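# Secondary and tertiary structure notes
Chain residues, written in single-letter form:
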Amino acid sequence: MQLQRGIPYDFGQVKLLETALTHSSFVNENTDERDHNERLEFLGDAVLEICVSDELFQRFPDAREGTLTAMRSRLVNQEHLAELARHLGLDNCLLLGKGEEGQGGRSRASILSDTFEALLGAVFLDGGFEAARAAVRALFAGHWEKAEPRPKGRDNKSLLQEVTQRLFKAQPLYTLVGSGGPEHAKEFTVQLELPDGKSFTATGSSIKRAEQTAALAALQQYS
């Protein structure tokens, strides 16, 4: 399977990987006895939390409990997990029902984040805790330090504005380019244009969240 070459783990039981990529809507619309990924997502959620908690605990020995909790939240929130899922190509490998597909499920952050967690649940079942921990370390490589809390009032958009003002004497431009999904789970897509011509696109459950995610992606270009 093409995806297996993109993740930092080789499955012995490929069926677990296939189950992790199967949404319940696909099973509901087909008559075969294939399992969907909800049970794996339940397990993977717990595996992800302990693995990320352990890694943060080891990396930041002076951080207090509240700080570690905030850092973990930045790493395992829905938008960030969906971003990691897209980077892995999970959105292209998902098995979705036609109805969910037609409603934009393949790009929905909630589905992608659940699939990411299901993948980790599958790794845990196939290879055990150490395999899951190694996979988490690899998948989050380059993201640990970025989870460190910033001083109040200096969010990603504020920091980016300071950077572009210093470098280009101009401000970044945010444009809402799309929205979709049901009313209870609506998602917004924002495009960020920098004064030097670079652009970044991000999706979030609100326009502000999408803008912050885009700003973070832009900041990483200057870190």
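These remarks concern the structure in this document.

## Here we look at the side chain of Thr115
On the secondary structure map, Thr115 appears in helix H8 (residues 109-127). Using a relative accessible area of 0% as the deciding quantity, one classes Thr115 as buried. Excluding residues within four positions of it along the chain, Thr115 makes contact with Ala20, Leu21, Asn37, Leu90 and Leu94.

## A closer look at the nonpolar core
What tends to happen in soluble globular proteins is that the nonpolar side chains get buried as a cluster. Judged by nonpolar contacts, the single largest core of 42 residues is most densely connected at Phe11, Val52, Leu56, Phe116, Val136 and Phe140. In terms of residue count, the dominant contributor to this core is H8 (nine residues). When near neighbours in sequence (up to four residues on either side) are disregarded, Phe140 contacts Leu48, Val52, Leu75, His80, Leu81, Leu84 and Phe116. Membership of the second largest hydrophobic core comes to 14 residues, among which are Leu160, Val163, Leu194 and Ala210.

## Examining the environment of Thr67
Note that Thr67 resides in helix H4 (residues 65-76). Residue Thr67 is classed as partly exposed on the basis of its relative accessible area of 29%. Between the C-alpha atoms of Thr67 and Glu145, which are 78 residues apart in sequence, the distance is 13 Å.

What counts as what
- Residues numbered from 1 in each chain as written.
- Predicted model: local features only at pLDDT ≥ 70, side-chain atom pairs only at ≥ 80, totals over all residues.
- Heavy atoms only, no water.
- Helix = DSSP H or I, 4+ residues; strand = E, 2+ residues; numbered from the N terminus.
- Buried < 20%, exposed > 50% of the residue type's maximum accessible area, 1.4 Å probe, protein only.
- Contact = heavy atoms within 4.5 Å.
- Core = buried A, V, L, I, M, F, W, Y, C linked by side-chain atoms within 4.5 Å.

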